[in-house]
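# Fold and geometry: a report
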Amino acid sequence: MIATSFPWLLLLIATPALAAPLVARTVDRDLARALTVAASGVAFLLALAIAVRTQLAGPGALLVDPVWLPLLGQPRPLLGVDALSAGPLVLFALLGLCAAAALPSASARPGALARLLLIESTTFGMYGSLHLGVFALLWAASAAPVLSSLTRARARLVFGLYQAGGWLCLTSAIALLAWRGAARGAAAPLFVPELGAEAVADAAGLVVPLLVAAVLLRKGILPTHSWLPMLFQESAGGAAPLFVAAHAGVYLFVRVFALHLRPALLGAIPLVAVLAIATAVYGALMALVQRDLRRTLGFLAMSQSSFVLVGFLCESQLGTVGSLMVWFSASFALTGLALATACLESRFGTVDLALPRGFAGRTPRLGALFLVLGLGACGLPGLAGFVSEDLLFHALLERYPLVGVAMIVATAANGYTVLRAYFHAFQGPAQALPAIDDVGRRERLALTVMLLALLASGLYPRPAIEHVSAAIEQGSPGAR
Amino acid sequence: MSTAALHLLAVAAVASPLAAFGLLALFTLLVGSPSERNVARVVALTFLSSLACTATLALAMWSGGVVQLDVRLGAWFAAPGGYRFELDLLVDRLTVPFMALTTALLGVVGAFSVSYLHRERGFTRFFLLLLLFASGMLLLTTAGTIDLLFAGWELVGITSALLIGFFQERRQPLRNALRAFATYRLCDVGLLTAAVFLHHHAHTARFVDAFGGAPWPAGETGLGVGVATTIALCCVFAALGKSAQVPLSGWLPRAMEGPTPSSAIFYGALSIHAGAYLLLRISPLLDRSPLASWALVAIGLASAIHGTLVGRVQSDVKSSLAYASMAQVGLILAEIGLGLRMLALAHLVGHACLRTLQLLRAPSALQDHWRLEAAWGGALPPAKGRWPLPERLRSWLYRLALDRGQHDAALERFLVRPALWLLGRLDRLERRVTGEARP
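Described in the following lines is the structure provided in the data block. (Residues numbered from 1 in each chain as written. Chains lettered and ligands numbered in written order. Predicted model: local features only at pLDDT ≥ 70, side-chain atom pairs only at ≥ 80, totals over all residues. Heavy atoms only, no water.)

Helices and strands together make up the secondary structure of chain B, namely 18 helices and two strands. Whereas a compact globule of 439 residues would reach a radius of gyration of roughly 22 Å, chain B reaches 23 Å, a difference of no more than 12%. The principal-axis extents of the C-alpha atoms in chain B amount to approximately 60 × 60 × 60 Å. Evaluated residue by residue, chain B yields a buried proportion of 54% over its 439 residues. (Helix = DSSP H or I, 4+ residues; strand = E, 2+ residues; numbered from the N terminus. Rg over C-alpha atoms; globule rule 2.2 N^0.38 Å. Buried < 20%, exposed > 50% of the residue type's maximum accessible area, 1.4 Å probe, protein only.)

Moving on: the packing of helix H11 (residues 248-260) of chain A against helix H14 (residues 293-312) of chain A. Residue and element names in this part refer to chain A. Closest axis-to-axis distance for the H11/H14 pair is 10 Å, and the angle between their directions is 10°. Judged by the angle between their axes, H11 and H14 are roughly parallel. Of the residues in H14, those in contact with Val250, Phe253 and Val254 of H11 are Val308, Leu309 and Phe312. Taken together, the residues of the contact of H11 with H14 break down into six nonpolar, no polar and no charged. (Axes fitted to C-alpha atoms, helices over the stretch in contact; angles between N-to-C directions. Parallel < 35°, antiparallel > 145°, perpendicular 65-115°, else oblique. Contact = heavy atoms within 4.5 Å. Nonpolar A, V, L, I, M, F, W, Y, C, P; charged D, E, K, R; others polar.)

The subject of this paragraph is the interface of chain A and chain B. Interface extent is often summarised as the accessible area lost during association of the parts. Tallying the contact residues gives 63 residues for chain A and 51 residues for chain B. Roughly 4800 Å² of surface becomes buried between chain A and chain B when both sides are summed, with 68% attributable to carbon and sulfur atoms. Per-residue buried area on chain A facing chain B is highest for His394, Tyr416 and Phe423 of chain A; these three make up 12% of the total on that side. For the pair chain A and chain B, the number of links is one salt bridge. The interface formed by chain A and chain B includes 18 residue pairs in polar contact (both at pLDDT 80 or more). A total of 13 residues in the side of chain A that touches chain B trace back to one element, the largest contributor, which is helix H18 (residues 401-426) of chain A. Residue composition of the side of chain A that touches chain B, grouped by class: 37 nonpolar, 16 polar and ten charged. (Buried area = accessible area lost by both parts, 1.4 Å probe. Salt bridge = Lys/Arg side-chain N within 4 Å of Asp/Glu carboxyl O. Polar contact = N/O pair within 3.5 Å; in protein donor to acceptor, adjacent residues only side chain to side chain.)

Another point: the environment of Phe98 of chain B. Residue and element names in this part refer to chain B. Relative to the assigned elements, Phe98 resides in helix H3 (residues 95-116). With relative accessibility at 2%, the residue Phe98 sits in the buried group. Sequence spacing of Phe98 and Met137 is 39 residues, and the spatial spacing of their C-alpha atoms is 9.2 Å. Not counting the four nearest positions on each side in its chain, Phe98 is found in contact with Thr141, His273, Tyr277, Leu345 and Leu348.

Once that is clear, we can look at the sheet that holds strand S2 (residues 63-64) of chain A. Consider a sheet: its strands pair through backbone hydrogen bonds, and that pairing is either parallel or antiparallel. Residues and elements named next belong to chain A. Read across the sheet, three strands follow the order S1-S2-S5 without closing on themselves; strand pairing throughout is mixed. Strands at the two margins of the open sheet, each flanked by one partner only, are strand S1 (2-3) and strand S5 (80-81). Bridge count between S2 and S5: two bridges; the pairing is antiparallel. Bridge assignment links Val64 to a residue of S5, and that residue is Gly80. (Pairing = 2+ DSSP bridges.)

This next bit is on a nonpolar patch on the surface. Among the surface-exposed residues, Leu26, Phe27, Leu29, Leu30 and Val31 of chain B lie close enough to one another that they form a single nonpolar patch of about 490 Å² accessible area. Tracing the sequence through the fold places Leu30 of chain B in helix H1 (residues 3-30). (Patch = residues over 30% accessible without salt bridge, like charges linked within 9 Å, V, L, I, M, F, W, Y side chains within 5 Å. Areas by Shrake-Rupley, 256 points an atom, 1.4 Å probe, with all protein chains shown as cover.)

Residue and element names in this part refer to chain B. Taking 1.5 Å per residue as the helical rise, H1 with its 28 residues ought to reach 40 Å, and the 39 Å between its terminal C-alpha atoms agrees with that figure. Along H1, the helix axis deviates most sharply at Ala15, where the bend reaches about 35°; the proline Pro17 sits within four residues downstream. Those residues of H1 lying buried are Leu6, Leu9, Ala10, Ala13, Val14, Ser16, Pro17, Ala20 and Leu24. In the core, the buried residues of H1 are packed alongside helix H2 (36-64), strand S1 (68-79), strand S2 (83-92), H3 and helix H4 (123-142). (Expected span 1.5 Å × (residues − 1). Bend = angle between axes of the 7 residues up to and from the residue.)

Time to look at unusual backbone geometry. In the segment running from Leu222 of chain A into Pro223 of chain A, the intervening peptide bond is cis, with an omega of 0°. Within the element layout of this structure, Pro223 of chain A appears in the loop between helix H8 (207-219) and helix H9 (227-234). For the peptide bond that leads from Val246 of chain B to Pro247 of chain B, omega is 5°, which places it in the cis range. Mapped onto the secondary structure, Pro247 of chain B falls in the loop between helix H8 (225-242) and helix H9 (251-254). Despite not being glycine, Arg404 of chain B has its phi angle at roughly 55°, a positive value. Take Arg404 of chain B: it is sitting in the loop between helix H17 (391-402) and helix H18 (407-434). On the basis of relative accessibility, which here comes to 26%, the residue Arg404 of chain B falls in the partly exposed class.

Right, let's get into the pattern of salt bridges. Residue and element names in this part refer to chain A. Applying the stated criterion to the full structure yields 20 salt bridges over all chains. For Arg291, the salt bridge goes to Asp352, with nearest N and O atoms at 2.8 Å. Of this pair, Arg291 sits in the loop between helix H13 (269-287) and H14 while Asp352 is found in the loop between helix H15 (317-348) and helix H16 (364-377), placing the two residues 61 residues apart along the sequence. For Arg291, a relative accessible area of 36% gives the class partly exposed. What makes Asp352 partly exposed here is its relative accessible area of 27%.

All we've got here are geometric facts, nothing functional implied.
Listed below in structure tokens is the structure:
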């Protein structure tokens, strides 16, 4: 554990958090956008600097901020970053920046932009949190801006109930861990780096089912998934894809379960794996029959985000690397698709996929970006999705040969969904459409950055895979 | 010629269309669509250079007595636990004819398309997709590992669907493209599963290692009958979709909605034979698995009969040629199943060349007919000869052929509609939970 002299992580979390109220009060939309992009840009640079510092600190290093929390008499650092959390920090900061830049003007109201900043801040906090209590607080806080983005009362109720259920499970599990830890005299039973063999014993009984339930609810895994497609359909302003791309449930799973409480979890792995695979297939099949483009993306996101969980359940390093690579490729591709959809809707209104709409006749560049981003999520060779799914399927079929084939079926269906969405939204007769400009420079730049990230890591994936593999090696407790 | 020079030629033949695609795509994205003349020059140069590399490689291998060239370019990516995605090319007696066929026919079709698509909206898009298809096809045919073959296979599939839907102002081509893509994606499951199982059981994805190192067609596999049968059946399933064999052949006549040059190169020449290539490549697995071999023979013969029957009642020339392709590919697959690999390869090359010519001439079929009549000096006599079949059987076969064997109707009725009905019900349930209105 290396203490830094300056609270870099706190600054990273505080930058979007402080900018959010300022943006929300700004009347001028252009100024609000400029402030949001600036805050997200600063956050991205800070995340990059933190990642470089972590890399330079050497293998297995945990850089902690000089922000201490007194825990039962012995102070512990509140925030820290290691090789495993540095990657998601940079990835999410870049996603936030792209979302802030690509959000079309019609959706980029100050309130919506402020919500993006709050999601960024709370997610950075979750990735950097070293204390499970703080993690649980930020877990709840990250759902609040998304909840406020929903306008329909029933939608708010459904989303709120699922998220509150997940949070209750998480806090109950954490409270149980704390109580049992305190009973055996542990100095800091919720301090993640000190979760050891004793914590595994603490986690026996109710803790594991509660934590698993929290992960399932947050990830939208069957049968607790209904909020996810609804969120994509009803939440405007880019909040939905960012909330899903944060993968808080998976992060909790890896950070706490896979690295520290694995022996306690072993019994639950087959059940979670089957549920995750079923979700991948169900989401992929349901996406086939949707008419609304946003809802289609919701089911696609549901399918893809369960891919991320499945790899971790293969109990092999190959699977873990595959999962982290899918995390990266699916986050960029789905956020890009959602933003491209927002751009399309700002020009033509809600996109009904019942019949080909012919939007490419007016917005050919947006169509091309949509297609390539979509195929990036579904395994087109040369893009990151191909590499990540290749790794994932090899790990999966070795661990679960029969049900693993179902995942291949899911990815096949997802590819079809992307092409169907592209054909029905962008191709077809365009004569009746109004004369509207193609995607603007700002939107195009942001979407192109996302596409280039997918392309670069698809054509030359070795650095990304080596970094991820090293991070897993270094992130394990044994490495410290 | 040195081995390094041969390796360089093989890489150049495969890489040149990919490089041309990258450059053209980048230029179009950053600057805008280039002129038709410039696109035509880039395409001509690319296919000529690829053909020249292939021809030189073939001649050098023949004169030097080299029967197998194993080009190892290292790992594209590797992961913990020993998994590596190798970038290996394999040039042998199976690859060289395919490479020559691919580069030569792509050059011909490219040259033809420049005039055919002159001033057509999407001129650049067509050639971008043609270059991407060429990259995929060359990658597929030269792949030294099943993983790399799958990458090429995927590129062929997506370009095929995008070219069927090339005329984007009309709805029918889009429907047909989706239909073809659905079949492709379904059958890709077979190839990807085969790739992972080969990795798992043979501990390698390299064909040379998995099949004992002997040059094609003399390879042998050390895998057990059960494993070999599973992998071979997965590959047969993959080939069914790509090569439009029964019962998954319904997409082929629909695929003729694309521009004629792409129909010629995809469904007359190359893409439709990709399944046959895959089965020739894994023929040691077929040797080990009588079940898969006989299944292949049965499917091939059924497809040949189906294609022959249905093709005879088609009222447009492209559909008729599509069914003729299906019939010939069925025979080629049956030959592969029977172990007649060299015959299958020769059959394949001859069929690809003939069908490309026929499809490229298809738009001029009426004109050709009138010229013939003019030369004949009147209406041409009707074709003679009828099958010696009872009238009732003949009319039943006619109705069956008109319904295209009722494969599509059966699939639609017993598989697609029930699945869509069930998914629709589930969607209504989802919406009820969240209180959303039905669309």
